[in-house]
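Next come the chains, spelled out residue by residue.
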Amino acid sequence: MDSPQYTGLEFLTALKNGEISASPMAHTIPMQLVEVAKGKATYKVTPSQAHRNIQGTIHGGFCATALDTATGSAAHTLLEHGVGYGTIDLNVKMIRPMQIDTTYYAQAELINAGRNIITTEGKIIDDHGKIYAFATAILMVIRK
């Protein structure tokens, strides 16, 4: 949970630096924050056998979760301390199958930031920049 002493960018920087523990979901869907800047975030993601669907391919929920995390993090970088966010729309398109035990990157960046709504976009790419999935996200700013 976001601590009141951190801005969103400070929180995510501390997470990237290992000063804050990753969420339980980051263990279910292996995600490691590797880059973060204002309006941008990149996670390293690696699907395993546990992420296969009934057909034996990587479940679409893996892509959706990785992209929700990355697009949400890009929005999170803009927030002051004590301010949260929630995804209100996530539109994901998967365009090619991901492979088991292969490293990918879920990258996201800001499209627009309003007072109450932030829009971001993201993609999952491999080491060569080939796109496997992409998404747009609309996030609501939550002031406590």
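What this report covers is the structure whose coordinates are included nearby. As the structure is a prediction and not an experimental result, all values here were calculated from the model. (Residues numbered from 1 in each chain as written. Predicted model: local features only at pLDDT ≥ 70, side-chain atom pairs only at ≥ 80, totals over all residues. Heavy atoms only, no water.)

1. Some details on the nonpolar core
Working step 1: Among the nonpolar cores identified, the biggest contains 29 residues, and Leu 12, Leu 33, Tyr 43, Val 45, Met 98, Ala 106 and Ile 124 are the most heavily contacted of them.
Working step 2: With 6 residues, the single largest contributor to this core is helix α3 (residues 60-76).
Working step 3: Among the nonpolar cores identified, the runner-up in size contains 7 residues, and Ala 75, Leu 79, Leu 139 and Val 141 belong to it. (Core = buried A, V, L, I, M, F, W, Y, C linked by side-chain atoms within 4.5 Å. Buried < 20%, exposed > 50% of the residue type's maximum accessible area, 1.4 Å probe, protein only. Helix = DSSP H or I, 4+ residues; strand = E, 2+ residues; numbered from the N terminus.)

2. What to know about the environment of Arg 52
Working step 1: Considering the arrangement of structural elements, one finds Arg 52 in the loop between β2 (40-45) and α3.
Working step 2: With relative accessibility at 42%, the residue Arg 52 sits in the partly exposed group.
Working step 3: Note: C-alpha distance between Arg 52 and Asp 68 (16 residues apart in sequence) is 19 Å.
Working step 4: What Arg 52 contacts, discounting residues up to four positions off in sequence, is Thr 57, Ile 58, His 59 and Ile 100.
Working step 5: In this structure the side chain of Arg 52 is engaged in a polar contact, spanning 2.9 Å, whose partner is the side chain of Gln 49. (Contact = heavy atoms within 4.5 Å. Polar contact = N/O pair within 3.5 Å; in protein donor to acceptor, adjacent residues only side chain to side chain.)

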